[in-house]
Amino acid sequence: MHRFRTDQRADGFSLLELFLSIMLVAVLLAIAIPAVTTAKAASQNARCVSNLKGLGVALRAYSADHRQTLMSHYTESVGDEVVPEDSITWVQRLMNHGYVGDPNLLVCPSHPPRKVSAAGQGNYFNFRRCYGMRVWRLPGQSFELTRKLSKPFSAIVEPSRFFLVGDSFWKNHGEQGYLVQPDPLDKNQFFHFRHRSRANFCFADGSVRGLTREEITTLALEQSDYNSGSRKFLCWPEEK
């Protein structure tokens, strides 16, 4: 007959040990998840900044090939020249004419579109969902500058304070939009604070900076050559 020692422990975890193990795992996850989320956000912000720097280079290259003029967000036919339907937005022109090779350069990784058509193919509306290019208006005019009314880079008084493209958001479809303009009639075009309460912008001097809502309100986003009167750019999320 075998006798069991009364001080011998049974194999396995007790309920208390199991509970403590679960609590330990929960604490470790609570510490790790925010760190992973923060690292992911930082990585996405770095990629966004890199994308915008690349777009700044592409826009400069386009300007050098077109008599130092700024690219307009939209192109119309000039004289006998007919602009193909798949090249009328600034996004399509950069892609179709070789200034941008990778379409991922055109979209912010923190807010990618649900679907993007390839250059010259598919849905034109989907393809133009990307960073927003600013829309310029001449004083006293209600319509945007197209190629007929394009301006040279030299017309920009403060290149380091004059943004070309940046993080955008179109409220009506919840994605990026290919342009942003002051006081849009449909109230759907916004700057988008998606990088820890900042929106990234590529400026005319080639620099890229993330701006807070407060910094945007104090930044001279307009100048006399491209003045829009008292109109202001909209910011998302909207202030309550």
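Residues numbered from 1 in each chain as written. Predicted model: local features only at pLDDT ≥ 70, side-chain atom pairs only at ≥ 80, totals over all residues. Heavy atoms only, no water.

1. Quick word on the nonpolar core
Alright, step 1. With 34 residues, the main nonpolar core has Leu55 and Trp90 as its most contacted residues.
Alright, step 2. For this core, the secondary structure elements donating two or more residues are α1 (15–65), α2 (90–96) and β2 (163–166).
Alright, step 3. Top contributing element to this core by residue count: α1, with seven residues.
Alright, step 4. If near-sequence neighbours (up to four positions away) are discounted, Leu55 is found in contact with Trp90, Leu94, Val100, Leu105, Leu106, Tyr131 and Val165.
Alright, step 5. Of all hydrophobic cores here, the second largest spans 11 residues; its members include Phe163, Phe203, Leu211 and Phe233. (Core = buried A, V, L, I, M, F, W, Y, C linked by side-chain atoms within 4.5 Å. Buried < 20%, exposed > 50% of the residue type's maximum accessible area, 1.4 Å probe, protein only. Helix = DSSP H or I, 4+ residues; strand = E, 2+ residues; numbered from the N terminus. Contact = heavy atoms within 4.5 Å.)

2. Quick word on the packing of aromatic side chains
Pairs of aromatic rings are described using the distance from one ring centre to the other and the angle between the two planes.
Alright, step 1. All chains considered together, the criterion is met by 10 aromatic pairs.
Alright, step 2. Measuring from centroid to centroid gives 5.8 Å for Trp170 and Tyr178, while their planes differ by 70 degrees, and the two rings are edge-to-face. A single burial state applies to Trp170 and to Tyr178, both of which are buried.
Alright, step 3. When the ring of Phe190 is compared with that of Trp236, the centres are 5.3 Å apart and the planes differ by 75 degrees; the resulting orientation is edge-to-face. One end of the pair, Phe190, is in strand β5 (residues 189–192); the other, Trp236, is in strand β8 (residues 234–236), with 46 residues separating them in the sequence.
Alright, step 4. Residue classification places Phe190 among the buried residues on the basis of a relative accessible area of 2%.
Alright, step 5. Grouped by ring-pair contacts, the aromatic residues Phe163, Phe191, Phe201, Phe203 and Phe233 constitute a single cluster. (Phe/Tyr/Trp six-rings, centres within 6.5 Å; stacked < 30°, edge-to-face > 60°.)

3. A look at the environment of Ser168
Alright, step 1. As for its placement among the helices and strands, Ser168 is situated in strand β3 (residues 168–170).
Alright, step 2. A relative accessible area of 0% means that Ser168 is categorised as buried.
Alright, step 3. C-alpha of Ser168 to C-alpha of Arg129: the two residues are 39 residues apart in sequence and 9.3 Å apart in space.
Alright, step 4. Those residues in contact with Ser168 that lie beyond four places of it in its chain are Cys130, Tyr131, Gly132, Gln176, Gly177, Val180, Phe190, His192 and Arg194.
Alright, step 5. Only 2.7 Å separates the side chain of Ser168 from the backbone oxygen of Gly177, close enough to count as a polar contact. (Polar contact = N/O pair within 3.5 Å; in protein donor to acceptor, adjacent residues only side chain to side chain.)

4. Here we look at the sheet that holds strand β6 (residues 199–203)
Alright, step 1. Across the sheet, five strands lie side by side as β4-β1-β2-β6-β7; this open sheet has mixed pairing. Looking at strand neighbours, the two that pair on one side only are β4 (179–180) and β7 (208–211), the edges of this open sheet.
Alright, step 2. Across four bridges, β6 lies against β7 in antiparallel orientation. In the strand pairing of β7, Asn200 is matched with Gly210. (Pairing = 2+ DSSP bridges.)

5. A closer look at the pairing of β5
Alright, step 1. Here β5 shows two buried faces, one formed by Gln189 and Phe191 and the other by Phe190 and His192.
Alright, step 2. As defined by bridge partners, β3 adjoins β5 across three bridges and the pair is classed as antiparallel. Looking at the pairing, Ser168 lines up with Phe191 of β5.
Alright, step 3. Relative to β8, β5 runs parallel, the two sharing three bridges. The partner of Phe191 across the bridge, within β8, is Cys235.

6. Quick word on empty space enclosed by the protein
Alright, step 1. Applying the stated criterion to the full structure yields one cavity of 30 Å³ or more.
Alright, step 2. Estimates place the volume of the largest cavity at around 50 Å³.
Alright, step 3. Around the largest cavity sit Leu59, Leu70, Met71, Met133, Trp136, Phe153 and Leu164, which together line it.
Alright, step 4. When its residues are assigned to classes, the lining of the largest cavity shows seven nonpolar, no polar and no charged. (1 Å grid on protein atoms, 1.4 Å probe; cavity = no way out; pocket = protein on both sides within 12 Å on 5 of 7 lines; lining within 4 Å. Points joined across faces, edges and corners; volume = space filled by probe spheres on them. Nonpolar A, V, L, I, M, F, W, Y, C, P; charged D, E, K, R; others polar.)

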